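Per-entry structural report
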Amino acid sequence: MDAAGRLVDVETEARRTALRYRYQQPVGMLLRELREERGLSQFALALQTEVSQRHLSFVETGRANPSPELIGKLADRLELALRERNRLLLAAGHAPVYRETSLEDVELEAVREAARRILKAHEPAPALLVDRRWNVVELNQGVALLAMLVAPHLLESPINVMRVSLHPDGLAPHVVNFDQWREHLLARLRRQIAVSLDDELAGLYEEVSSYPGVKGTPVATGNEAADVLLPMRLRVGDRELEFFSTMTVFGTAADITVAELAIESFFPADPETRRALEELS
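Residues numbered from 1 in each chain as written. Predicted model: local features only at pLDDT ≥ 70, side-chain atom pairs only at ≥ 80, totals over all residues. Heavy atoms only, no water.

Here's the deal with helix α4 (residues 53-60)
Note the following rule: Accessibility here uses a 1.4 Å probe with only protein chains present; expressed as a share of the type maximum, an area under 20% marks a residue as buried, one over 50% as exposed, and anything in between as partly exposed. Starting at the N terminus, helices and strands are each numbered in turn, a helix being any DSSP run of H or I of at least four residues and a strand any DSSP run of E of at least two. Only heavy atoms enter the contact rule, under which two residues are in contact if any of them lie within 4.5 Å.
The set of residues buried in α4 consists of Leu56, Phe58, Val59 and Glu60. Turning to α4, the residues buried within the fold contact α2 (27-37), α3 (42-48) and α5 (68-78).

Looking at the packing of aromatic side chains
Rules: Aromatic contacts are taken between Phe, Tyr and Trp rings whose centres are within 6.5 Å, Trp giving its six-membered ring; a plane angle under 30 degrees counts as stacked, one over 60 as edge-to-face, and the others as tilted. Here, over-ring charges are defined by two tests on the NZ atom of lysine or the CZ atom of arginine: distance to the ring centre within 6 Å, and angle to the ring normal within 35 degrees.
Here the structure, examined in full by the defined rule, presents two aromatic pairs. Aromatic pair Phe243 and Phe266: ring centres 6.4 Å apart, planes at 90°, arrangement edge-to-face. Of the two residues, Phe243 is situated in strand β4 (residues 239-248) and Phe266 in strand β5 (residues 262-268); the sequence distance between them amounts to 23 residues. One exposure class covers both Phe243 and Phe266, and it is buried. Sitting over the face of the ring of Phe58, Arg63 holds its NZ or CZ atom 4.0 Å from the ring centroid.

Some details on the nonpolar core
One recurring pattern in soluble globular proteins is that nonpolar side chains are buried together. As a reminder, the rule being used: To qualify as a nonpolar core, a set must consist of buried Ala, Val, Leu, Ile, Met, Phe, Trp, Tyr and Cys residues joined through side-chain atoms within 4.5 Å.
Counting 39 residues, the largest nonpolar core has Leu171, Leu189, Val208, Met232 and Leu234 as the members making the most contacts within it. If we skip the residues at most four places from it in the chain, Met232 touches Leu146, Val175, Asn177, Trp181, Leu241, Glu242, Phe243 and Phe266.

Quick notes on the pairing of strand β3 (residues 232-236)
Each regular strand displays side chains that alternate between the two surfaces of the sheet. The test is simple: One bridge is not enough; two strands pair if DSSP finds at least two bridges between them.
The buried fraction of β3 amounts to four of the five residues, a majority that puts the element mostly inside the structure. As paired strands, β3 and β4 are joined by five bridges and run antiparallel to one another. Bridge pairing in β4 links Leu234 to Leu241. Taking the residues that link successive antiparallel strands as the turn, the β3-β4 hairpin has two residues, and the phi of Gly237 there is positive, at about 65°.

A short note on unusual backbone geometry
Residue Glu123 is joined to Pro124 through a cis peptide bond whose omega torsion reads 10°. You can see Pro124 is positioned in the loop between α7 (109-122) and β1 (127-130). The omega torsion across Ser157 and Pro158 is 0°, close enough to zero to call that bond cis. The residue Pro158 is located in the loop between α8 (144-147) and α9 (161-166) in this model. Not every positive phi belongs to a glycine, and Glu50 is a case in point at roughly 55°. Mapped onto the secondary structure, Glu50 falls in the loop between α3 and α4.

Focus: the pairing of β1
Burial along β1 is two-sided: Ala127 and Leu129 facing one way and Leu128 and Val130 facing the other are all buried. Where β1 and β5 come together, four bridges link them in antiparallel fashion. Along β5, the bridge assignment pairs Ala127 with Ser265. Both β1 and strand β2 (residues 136-139) contribute to a ladder of three bridges, which runs antiparallel. Looking across to β2, one finds that Leu128 is bridged to Leu139. The hairpin formed by β1 and β2 contains five residues between the paired strands, and Trp134 there has a positive phi angle of roughly 70°.

Points about the pattern of salt bridges
Where we set the bar: Salt bridges are defined by distance alone: a side-chain nitrogen of Lys or Arg within 4 Å of a carboxyl oxygen of Asp or Glu.
All chains considered together, the criterion is met by 26 salt bridges. Note that Arg99 and Glu107 form a salt bridge whose closest N and O atoms lie 2.7 Å from each other. For Glu107, a relative accessible area of 47% gives the class partly exposed. Two residues, Glu200 and Arg133, come together in a salt bridge whose shortest N-O distance is 3.3 Å. Highlighted residues: Glu200 in helix α11 (residues 199-209) and Arg133 in the loop between β1 and β2, separated in sequence by 67 residues. Taking the relative accessible area as the measure of exposure, Glu200 reaches 53% and is therefore exposed. Judged by relative accessible area, which is 24%, Arg133 ranks as partly exposed.

Overview of the side chain of Gln42
Mapping Gln42 onto the fold places it in helix α3. Leaving out residues up to four positions away in the same chain, Gln42 has contacts with Arg35, Gln53, Leu56, Ser57 and Glu60.

Here's the deal with the confidence of the model for the chain
Quick note on the threshold: Each residue carries a pLDDT score, the predictor's own confidence in it, on a scale running from 0 to 100.
Residues of the chain with pLDDT of at least 70 account for 86%, and the chain-wide mean is 87. Across residues 215-227, where pLDDT falls below 50, the model places 20 contacts with residues more than four positions away in sequence or in other chains.

Overview of the sheet that holds β5
Quick note on the threshold: Note on definitions: angles span 0 to 180 degrees between N-to-C directions of axes, and those axes are lines fitted to C-alpha atoms, for helices only across the stretch in contact.
Strand order in the open sheet formed by five strands is β2-β1-β5-β4-β3, with antiparallel pairing between adjacent strands. The outermost strands of the open sheet, each flanked by one partner alone, are β2 and β3. When the angles between neighbouring strand axes are averaged without regard to direction, this sheet yields 30°. Contacts from α7 reach β1, β2 and β5 within the one sheet, and its direction differs from that of β5 by about 5°. The strands touched by helix α13 (residues 271-280) within the sheet are β4 and β5, with β4 carrying the most contacts at an inclination of about 90°.

The following block contains the structure:
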């Protein structure tokens, strides 16, 4: 293993240790850490959650235990995900509030059907529904454009978007601006890991960040979309196609599984790509 690989291993293990430790702290220390990460003073957080600064100080120092209602107010202002809210409640000795339903449960069929409709409407452009670990849950016909560039072993279930994107047998050799795109995806993973306490996600980061690099060749295209969004520039045969993507989530989710689903939709960034999608469809 080279020096870069060893550095990745050290960083990943340090990140995993930090994740394991974080929610073992007393709830007051945890709340203070979350507040400071967001650049909020104790006075500002108290004011915005309509609680006295004195009481918040008592909570942070362990002299008072926060009620479930107070945790809810603080979590709203700190913009915590549902999974983290449950962990915060447990750290304070309260029962978790939000449930986590299996994707295969009949109760989530309406959610999956809604996602299928969105994916279908996005054709012929690629779009897919992913879970919190970037495994594909649903996809549309437009994804076939990307899949034809990927080795079969990467398309076995569960298909993982990060592996497909960064593996040398996946899209990596076909992405013209691969260096930029790789760093964009890895940065996204790092942000998720920083707040998710997900050891499997940390393992995924360790895996995909260790893949052999494929040298990209970022070249100015004169495309206005590239000035405001990082595009994925994909070489397909003798064509170079350019996409930007959006992430869509369920805005009123009260279930952890639903809250962690996201639809990634790829849009043509130039007229040539739009024409190519229409022809390939």
